[in-house]
Amino acid sequence: MSGKIAVINHEFEQTTSDLKRSHHEIIDSYKKVIELTNQLSSGSLNTDNLTPKIQGLMDGVNSDVVSRLTELFNQTENVIKDYEAVIMNVDTSC
């Protein structure tokens, strides 16, 4: 039965690894969008009326987004790890 557990464990490790990679990619992409938007507001869209509105929007969006995404992603990863532990415990008790 230990071979079966090793396969399950490997699958969970792969899923968790893939999920973490996706989470990092999402956060990196979000940061790139913010950077590009900031470049627009200081470049071709730089007008007296538009720039303060863009900056206000970006400040509001940026205030917590990355930290909240990180927290949500960590919670998701913990749920997967908890689920893995439950599966492993059931599998070893049978």
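Read on for an overview of the structure. Nothing here was measured: the structure is a model prediction, and the numbers come from that model. Once a new chain begins, its residue numbering starts again from 1 and follows that chain's sequence as written. Totals for whole chains, interfaces and linings use all residues, but because this is a predicted model, local features are given only for residues with pLDDT of at least 70 and pairs of side-chain atoms are given and counted only at 80 or more. Only heavy atoms go into the side-chain values, all of them from the structure, while hydrogens and water stay out.

Attention now goes to the overall build of the protein. The helix and strand tally for the protein stands at three helices and zero strands. Reading the secondary structure of the protein in the N-to-C direction produces α-α-α. Buried means the residue's accessible area, taken with a 1.4 Å probe over protein chains only, is under 20% of the maximum for its type, while exposed means over 50%, and partly exposed covers the values in between. Looking at the protein residue by residue over its 94 residues, the buried ones come to 20%. Counting only contacts in the protein whose residues sit at least 6 apart along the sequence, the fraction spanning at least 24 positions is 81%. Entry remark: accessible area of the protein is about 6700 Å², with carbon and sulfur atoms responsible for 58%. Working definition: helices are DSSP H or I runs of at least four residues, strands are E runs of at least two. Numbering for both runs from the N terminus. Contact between two residues is taken to exist if any of their heavy atoms lie within 4.5 Å; hydrogens are not considered. Note on areas: Shrake-Rupley, 1.4 Å probe, and residue coverage restricted to the protein chains presented here.

Glancing now at the nonpolar core. In terms of nonpolar packing, the biggest core is built from five residues, these being Ile 8, Phe 12, Leu 19, Ile 80 and Met 88. The greatest single-element share of this core, amounting to three residues, is contributed by helix α1 (residues 2-42). With sequence-adjacent residues up to four places away left out, Leu 19 is seen in contact with Thr 76, Glu 77 and Ile 80. For this analysis, a nonpolar core means a set of buried residues of the types Ala, Val, Leu, Ile, Met, Phe, Trp, Tyr and Cys, connected via side-chain atoms within 4.5 Å.

In a structure, side chains of opposite charge can pair up when their charged atoms sit close to one another. Any carboxyl oxygen of Asp or Glu that lies within 4 Å of a side-chain nitrogen of Lys or Arg is treated as forming a salt bridge with it. A full pass over the atoms with the stated rule returns one salt bridge. The closest approach of N and O atoms between Asp 18 and Arg 21, which form a salt bridge, is 2.6 Å. Of the two residues, Asp 18 and Arg 21 both sit in helix α1, three residues apart, roughly one turn of that helix.

On to the side chain of Thr 16. Residue position: Thr 16 is located in helix α1. Under the relative-accessibility criterion, Thr 16 is labelled buried at 9%. If near-sequence neighbours (up to four positions away) are discounted, Thr 16 is found in contact with Ile 80 and Lys 81.

Here we come to the side chain of His 23. Mapped onto the fold, His 23 is located in helix α1. Ignoring anything within four residues of it in the chain, the contact list for His 23 reads Phe 73, Thr 76 and Glu 77.

Spatial relationships are all this shows, so hold off on functional conclusions.
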